[in-house]
Amino acid sequence: MMKGVFYAYVLKSMLHDYFYKGHCKDLQKRLLQHNSGMTASIKPFIPFEIVYYEEFETLQEAIKREKYLKSAAGRRFLKKIIAS
């Protein structure tokens, strides 16, 4: 089990009503990767900004939280805390 700092995060397209949820080890590096078009599926929605993130000690926890954020309950939770 990898220890350290891992993130579950939510990006919002600055030009579209589109949110992307993911997990990573380096938040700023990941944002740069997304905004440079390295993720083909979200390329049409760049640029992105980080609108929400949580820190975790293990990769497993970050992945679990990402899955939650992608669920209906997770989307409702995000809607409450992210005023769009």
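This text gives an overview of the structure that appears in the document.

Rules used throughout
- Within each chain, residues carry numbers counting from 1 in the order of the written sequence.
- In keeping with the predicted nature of the model, local features appear solely for residues at pLDDT of at least 70, side-chain atom pairs appear and are counted solely at 80 or more, and the whole-chain, interface and lining totals rest on all residues.
- Neither water nor hydrogens contribute to the side-chain values; these are computed over all heavy atoms in the structure.
- Helix numbering and strand numbering both begin at the N terminus, where a helix is a DSSP run of H or I of at least 4 residues and a strand a DSSP run of E of at least 2.
- Here a Phe, Tyr or Trp ring, Trp counted by its six-membered ring, pairs with any other such ring whose centre lies within 6.5 Å, and the pair is stacked when the planes are under 30 degrees apart, edge-to-face when over 60, and tilted otherwise.
- Burial classes: relative accessible area under 20% of the type maximum marks a residue as buried, over 50% as exposed, and values in between as partly exposed (1.4 Å probe, protein chains only).
- In this scheme, Lys NZ or Arg CZ marks a charge over a ring once it lies within 6 Å of the ring centre and within 35 degrees of the ring normal.

In most cases, non-glycine residues show a negative phi, while peptide bonds are predominantly trans. Residue Pro-47 is reached from Ile-46 by a cis peptide bond, and omega for that bond is 5 degrees. By the element assignment, Pro-47 lies in the loop between α1 (27-35) and β3 (48-58).

The final tally for this structure, using the stated rule, is six aromatic pairs. Ring geometry for Tyr-7 against Tyr-53: centres 5.8 Å apart, planes inclined by 75 degrees, an arrangement best described as edge-to-face. Residue Tyr-7 is located in strand β1 (residues 3-13), and its partner Tyr-53 is located in strand β3; the two are separated by 46 residues in the primary sequence. With relative accessibility at 15%, the residue Tyr-7 sits in the buried group. On the accessibility criterion, Tyr-53 (45% relative accessible area) is partly exposed. Connected via pairs of aromatic rings, a cluster forms that spans Tyr-18, Phe-45 and Phe-48. Taking the ring centre of Phe-19 as reference, the NZ or CZ of Lys-12 above it sits at 5.5 Å.

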